[in-house]
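If you want the building blocks of each chain, they are given just below.
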Amino acid sequence: MSADSNPGNHTTEHTNPTADGRELIRFDKVTKRFGDNTVLDNLDFTVAAGKHVTLIGPSGSGKTTILRLLMTLLKVDEGTIRVDGDYLTHEEKGGKLVPAGERHTREVRKKIGMVFQQFNLFPNMKVLRNIMEAPVHVLGLGKDEAEQRARELLDLVGLGDRCDAYPTQLSGGQQQRVAIARALAMRPQVLLLDEVTSALDPELVAGVLDVLRDIAHTTDITMLCVTHEMNFARDISDDVLMFDAGRVIESGSPDKIFSDPEHERTREFLSAVL
Ligand code: ADP
């Protein structure tokens, strides 16, 4: 981490053979408020290509808001977000930054996939079609190619034999694995994971985390994760950012954060969740 020299600037720099050092996500002085509640406060951070970054911290500290801003489900009040060098909700015109049109934002957002707490599968479609839908209708992929990709992804998440099931015929863990396959089918450069196991029965959590570990260790996709599963965070993360009240109070390798945290708030948080 280069955060030591400037605690406000959090940059992921650990060695990862798949990364080329390119910045895939960049938050510059991002502030987000809900009424009087400043949820993110002048936040700077970057995630380099191929890295897996986990956001931890108490409930309400702003972690999910970061993911929702990246999906443009929320708008920043101040500051800018860039994805692979492109402004997400701004465009440069005549040397000035102006609010971007919907088409620009849609194109930039295609680089991002997200898996939510609730799986949000289309209930009226079989599993295979759930995964093919967006590649065909959003990316314009041919049906055969989309189907081949969907089958490969279902194999990857261990559900190659459930193509013809409807979501309600699957367990929550299986539905979440379909949701992971569906997000990957759009070939995003960044995968956002928002507490993806928190709605699951405890016995189904491990299967989903194993699939994500496998994806983290065998693909070069960049991951930005919000989780309360600290062992999982330790296994997959290149960097961990500890949030408190809309700011990163501490960041570093999982070994550093989990074994030797510097900040009292981090110690308190970890002793409550570990
Ligand atoms: P975390 O993911 O760390 O639990 P969140 O990003 O979900 O935190 O929320 C941060 C703060 O923003 C909380 O105080 C929450 O109540 C508030 N908040 C989140 N979404 C909204 C919303 N749509 N309207 C008003 N307040 C919100």
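Residues numbered from 1 in each chain as written. Predicted model: local features only at pLDDT ≥ 70, side-chain atom pairs only at ≥ 80, totals over all residues.

### Remarks on the overall build of the protein chain
So, step 1. Looking only at helices and strands, the protein chain features 9 helices and 13 strands.
So, step 2. A compact globule built from 274 residues would reach a C-alpha radius of gyration of about 19 Å, and the protein chain, at 19 Å, matches this within 12%.
So, step 3. Along the first, second and third principal axes, the C-alpha atoms of the protein chain reach 50 × 50 × 40 Å.
So, step 4. The buried share of the protein chain, reckoned over its 274 residues, is 41%.
So, step 5. Here the contacts in the protein chain between residues at least 6 apart in sequence split such that 64% fall between residues at least 24 apart. (Helix = DSSP H or I, 4+ residues; strand = E, 2+ residues; numbered from the N terminus. Rg over C-alpha atoms; globule rule 2.2 N^0.38 Å. Buried ≥ 20, exposed ≤ 12 C-beta atoms within 10 Å, placed from the backbone. Contact = placed C-beta atoms within 7 Å.)

### As for the pairing of strand β4 (residues 52-56)
So, step 1. Counting buried residues in β4 gives 5 out of 5 residues, a clear majority hidden from the surface.
So, step 2. A two-sided burial pattern is seen for β4, the buried positions comprising His 52, Thr 54 and Ile 56 on one face and Val 53 and Leu 55 on the other.
So, step 3. Across 4 bridges, β4 lies against strand β11 (residues 222-226) in parallel orientation. Following the sheet pairing, His 52 is matched in β11 by Met 223.
So, step 4. As paired elements, β4 and strand β12 (residues 239-244) share 4 bridges and run parallel to each other. Bridged to Leu 55 within β12 is Leu 241. (Pairing = 2+ DSSP bridges.)

### Looking at the UniProt feature "domain: ABC transporter" (unreviewed entry) in the protein chain
So, step 1. The UniProt record annotates "domain: ABC transporter" (unreviewed entry) at residues 25-270.
So, step 2. Annotated as residues 25-270, this span is 37% helix and 28% strand, and its ends, taken at the C-alpha atoms, are 26 Å apart. (UniProt positions renumbered as here; feature names shortened; annotations may be inferred.)

### With respect to the sheet that holds strand β9 (residues 112-115)
So, step 1. Strands sit in the order β9-β10-β11-β4-β12-β13 across an open sheet of 6 strands; the sheet is mixed. Looking along the sheet, the strands with just one partner apiece sit at the ends: β9 and β13 (247-252). Across the sheet, the mean angle from the axis of one strand to that of its neighbour is 20°, orientation sign disregarded.
So, step 2. Those strands touched by helix α5 (residues 172-185) are β9 and β10 (190-194), and its axis lies near 175° from that of β9. (Axes fitted to C-alpha atoms, helices over the stretch in contact; angles between N-to-C directions.)

### Thoughts on unusual backbone geometry
So, step 1. Phi at Lys 29 takes a positive value of approximately 50°, unusual for a residue other than glycine.
So, step 2. Among the structural elements, Lys 29 can be located in strand β2 (residues 23-34).
So, step 3. Taking the C-beta count within 10 Å as the criterion, Lys 29 has 13 such neighbours and is therefore assigned partly exposed.
So, step 4. Here Asn 42, not a glycine, exhibits a phi torsion of approximately 60°, which is positive.
So, step 5. Summarising the element assignment, Asn 42 is placed in strand β3 (residues 37-48).
So, step 6. A count of 15 C-beta atoms within 10 Å places Asn 42 in the partly exposed class.

### Overview of the nonpolar core
So, step 1. Core analysis: the biggest nonpolar cluster contains 70 residues, and Ile 131, Ala 181, Leu 192, Leu 193 and Leu 224 have the highest contact counts within it.
So, step 2. Those residues in contact with Leu 193 that lie beyond four places of it in its chain are Val 115, Leu 212, Met 223, Cys 225, Val 226 and Thr 227. (Core = buried A, V, L, I, M, F, W, Y, C linked by C-beta atoms within 7 Å.)

### Some remarks on the pairing of β9
Side chains on a regular strand alternate between the two faces of the sheet.
So, step 1. Of the two faces of β9, the one carrying Ile 112 and Met 114 and the one carrying Gly 113 and Val 115 are both buried.
So, step 2. As defined by bridge partners, β9 adjoins β10 across 4 bridges and the pair is classed as parallel. Across the sheet, the residue bridging to Gly 113 is Leu 191, located in β10.

### Structural notes on helix α1 (residues 63-70)
So, step 1. For α1, the buried fraction is high: 7 of the 8 residues fall into the buried class.
So, step 2. Considered for burial, the residues of α1 that qualify are Lys 63, Thr 64, Thr 65, Ile 66, Leu 67, Leu 69 and Leu 70.
So, step 3. Once α1 finishes, Thr 72 follows within two positions and takes phi at roughly 55°, a positive value.

### Overview of the site of the ligand
So, step 1. The full set of residues close to the ligand is Phe 34, Asn 37, Val 39, Gly 57, Ser 59, Gly 60, Ser 61, Gly 62, Lys 63, Thr 64, Thr 65 and Val 226.
So, step 2. At the level of secondary structure, the elements contributing two or more residues to the shell around the ligand comprise β3 and α1.
So, step 3. Of the residues forming the shell around the ligand, the biggest block, 3 residues, is contributed by α1.
So, step 4. Across the shell around the ligand, the residue classes break down as 3 nonpolar, 8 polar and 1 charged. (Near = placed C-beta within 6 Å. Nonpolar A, V, L, I, M, F, W, Y, C, P; charged D, E, K, R; others polar.)

### Quick word on the confidence of the model for the protein chain
Regions with low pLDDT carry predicted coordinates that are not meant to be interpreted in detail.
So, step 1. Chain-level statistics for the protein chain give a pLDDT mean of 92 and a share of 93% at 70 or above.
So, step 2. Low pLDDT, under 50, characterises residues 1-8; the stretch is placed with 11 contacts to residues that sit more than four places away or in other chains.
So, step 3. Listed scores for the predicted complex are pTM 0.91 and ipTM 0.97. (pLDDT = per-residue confidence, 0-100.)

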